[in-house]
Amino acid sequence: MAWVATGELAAAVSQAGGLGVIGAGNAPADVIRKEINKVKEKTSKPYAVNIMLLSPFVDDIVDLLIEEKVPVVTTGAGNPGKYIERFKKIGTRVIPVVPSVALARRMEKIGADCLIAEGTEAGGHIGELTTISLIPQIVDAVNIPVIAAGGIADGRGMAAAMALGAEGVQLGTRFVCSKECTAHENFKKAIIDARDRDAVVTGRVTGHPVRNLKNDLTREIQKLERKGASKDEIEELGTGRLRLAVKEGDINQGSVMAGQIAGLINDIQPVELIINNIIEETDGILTDLGGKNNGA
Ligand code: TUI
């Protein structure tokens with residue numbers, strides 16, 4: 001979650017018992033170095049940095065994460081194959097986000113420690129398959145642990161992911177609406193106000209589809225898409241729009257990246273409460289379901 005997943009949010013998640021992730025997005029390495037320092041100041045727990053593989057600064061970010069010996073690296077929006085060896089050599093755990101069985105198998109073969117299987121319900125850059133279809137297929141195809149992402153914001157989602165064979169979950173949209181997330185209040189309010197069908201996909205023609213909350217920007221992009229505009233024209237319109245929404249709070253012209261689960265999120269809570277509630281709810285559901293299986 002570029003711009004949204006800052007050091008403050010990552011530190012709060014790690015401190016509360018999760019694995020906090022800094023989203024490097026399109027930011028240059030010096031910006032991410034500061035976010036890493038914020039995490040180190042606030043917690044001694046492990047944390048991760050997500051490398052967005054379409055970033056123009058990807059090589060600098062990889063060098064930085066190696067220099068900083070970041071404990072865990074996740075990757076998104078592409079195939080991290082050429083970087084894995086360098087991370088493995090220094091003991092950094094590598095967790096690629098994968099949208100397909102083919103990429104999951106390839107990542108396991110070249111040494112990924114774990115996978116995040118992300119369904120199309122997620123916000124931001126997305127794949128095609130739904131979480132409910134993707135997770136069991138990837139779980140059956142690999143021997144490394146699978147973390148589920150896309151469409152999960154509470155214990156019901158987590159319990160469902162575990163029923164599908166996942167060993168953990170990654171949450172994005174839910175943590176945007178946390179007290180510790182530094183995103184603009186307008187961005188958080190847009191998620192709270194969103195209903196079930198408000199998170200729409202733009203940019204399919206560019207080959208990099210993105211899920212955002214419906215607004216003036218998504219309508220303009222969809223108009224261009226209907227007119228058969230070029231990939232470059234559409235990409236140009238999207239440039240800088242995430243920052244505009246997250247930092248400036250322009251939720252009409254900015255890109256309000258959020259997942260389909262936005263409709264379920266109705267409040268801003270402290271990270272620790274979000275995590276504790278999810279774990280408690282998941283435990284309760286799994287116990288109840290186990291009881292039913294035993295004929296109770
Ligand atoms: O990376 C994300 N979410 C993101 S990145 C981002 S910044 C951006 N802005 C504009 C255009 C594109 C990106 C905003 N949100 N999530 C992880 C994720 N990775 N979801 C899907 C994938 C993915 C897709 C294809 C991972 C690998 C992949 O590989 C294709 C291949 O090479 O086989």
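In what follows, the structure referred to is the one given above.
This is a predicted model, so every value here is computed, not measured. (Residues numbered from 1 in each chain as written. Predicted model: local features only at pLDDT ≥ 70, side-chain atom pairs only at ≥ 80, totals over all residues. Heavy atoms only, no water.)

Examining the site of the ligand
Link 1 in the chain: Near the ligand there are 14 residues, and of these Ala77, Gly78, Val97, Glu118 and His125 occur at the shortest range.
Link 2 in the chain: Take Ala77: an N or O atom from its main chain is 2.9 Å from a nitrogen atom of the ligand.
Link 3 in the chain: His125 is positioned such that a nitrogen or oxygen atom in its backbone is 2.9 Å from a nitrogen atom of the ligand.
Link 4 in the chain: Here the ligand loses 74% of its free accessible area of 720 Å² to cover by the protein chains. (Near = heavy atom within 4 Å. Polar contact = N/O pair within 3.5 Å; in protein donor to acceptor, adjacent residues only side chain to side chain. Areas by Shrake-Rupley, 256 points an atom, 1.4 Å probe, with all protein chains shown as cover.)

A short note on the sheet that holds strand S10 (residues 210–213)
Link 1 in the chain: Across the sheet, which stays open at both edges, the three strands sit in the order S6-S10-S9 with antiparallel pairing between neighbours. Every other strand in the sheet has two partners, leaving strand S6 (124–125) and strand S9 (199–202) as the edge strands with one partner each.
Link 2 in the chain: In this sheet, S10 lies alongside S9 in antiparallel orientation, the contact comprising four bridges. From the neighbouring strand, Thr202 faces S10, where its bridge partner is Val210.
Link 3 in the chain: Packing against the sheet, helix H10 (residues 216–226) makes contact with S9 and S10, and its axis sits at approximately 40° to S9. (Pairing = 2+ DSSP bridges. Helix = DSSP H or I, 4+ residues; strand = E, 2+ residues; numbered from the N terminus. Contact = heavy atoms within 4.5 Å. Axes fitted to C-alpha atoms, helices over the stretch in contact; angles between N-to-C directions.)

Some remarks on the packing of aromatic side chains
Link 1 in the chain: For the structure on display, the rule yields zero aromatic pairs.
Link 2 in the chain: The ring of Trp3 has Arg243 sitting right over it, with the charged end atom 5.5 Å from the ring centre. (Phe/Tyr/Trp six-rings, centres within 6.5 Å; stacked < 30°, edge-to-face > 60°. Lys NZ or Arg CZ within 6 Å of the ring centre and 35° of its normal.)

Brief notes about helix H7 (residues 155–163)
Link 1 in the chain: Listed in full, the buried residues belonging to H7 are Gly155, Gly157, Met158, Ala159 and Ala161.
Link 2 in the chain: Positive phi shows up at Gly165, right after H7, with a value of about 110°. (Buried < 20%, exposed > 50% of the residue type's maximum accessible area, 1.4 Å probe, protein only.)

Some details on the side chain of Thr92
Link 1 in the chain: Looking at the element boundaries, Thr92 is found in the loop between helix H4 (81–89) and strand S4 (93–98).
Link 2 in the chain: The class for Thr92 is buried, based on a relative accessible area of 4%.
Link 3 in the chain: Engagement of the side chain of Thr92 in a polar contact is seen with the backbone oxygen of Val70, the distance being 2.9 Å.
Link 4 in the chain: When residues no more than four places from it in sequence are discounted, the contact partners of Thr92 are Lys69, Val70, Pro71, Val72, Val73, Phe87 and Asp113.

A closer look at helix H5 (residues 101–109)
Link 1 in the chain: Buried residues of H5: Val101, Leu103, Ala104 and Met107, and no others. Within H5, the buried residues cover an arc of 160° as seen down the axis, which keeps them to one side.
Link 2 in the chain: On its buried face, H5 sits against H4, S4, strand S5 (115–118) and helix H6 (131–141).
Link 3 in the chain: At the C-terminal side of H5, Gly111 shows a positive phi close to 110°. (Arc of directions from axis to C-beta.)

Examining the side chain of Glu121
Link 1 in the chain: Of note, Glu121 is situated in the loop between S5 and S6.
Link 2 in the chain: Contacts of Glu121, omitting those with residues within four sequence positions, involve Leu129, Thr130, Thr131, Ile132, Gly150, Gly151, Arg211, Gly259 and Gln260.

Regarding a negative patch on the surface
Link 1 in the chain: A contiguous patch of negative charge, built from Asp232, Glu233, Glu235 and Glu236, is present on the exposed surface.
Link 2 in the chain: Relative to the helices and strands, Glu235 is located in helix H11 (residues 231–238).
Link 3 in the chain: Looking at Glu235, the relative accessible area reads 32%, which means it is partly exposed. (Patch = residues over 30% accessible without salt bridge, like charges linked within 9 Å, V, L, I, M, F, W, Y side chains within 5 Å. Salt bridge = Lys/Arg side-chain N within 4 Å of Asp/Glu carboxyl O. Lys, Arg positive; Asp, Glu negative; His and termini not counted. Charge placed at Lys NZ, Arg CZ, Asp CG, Glu CD.)

Description of the packing of helix H2 (residues 29–42) against helix H3 (residues 58–67)
Link 1 in the chain: Their axes nearest at 9 Å, the elements H2 and H3 cross at an angle of 30°. Taken together, the axis directions place H2 and H3 in an arrangement best described as roughly parallel. In the crossing of H2 with H3, the sense of the turn from one axis to the other is right-handed. In this structure, H2 contributes Ala29, Ile32, Arg33 and Ile36 to the contact, and H3 contributes Asp60, Ile61, Leu64, Leu65 and Glu67.
Link 2 in the chain: Classifying every residue of the contact of H2 with H3 by side-chain character gives six nonpolar, no polar and three charged. (Parallel < 35°, antiparallel > 145°, perpendicular 65-115°, else oblique. Left-handed = near helix turned anticlockwise from the far one by under 90°. Nonpolar A, V, L, I, M, F, W, Y, C, P; charged D, E, K, R; others polar.)

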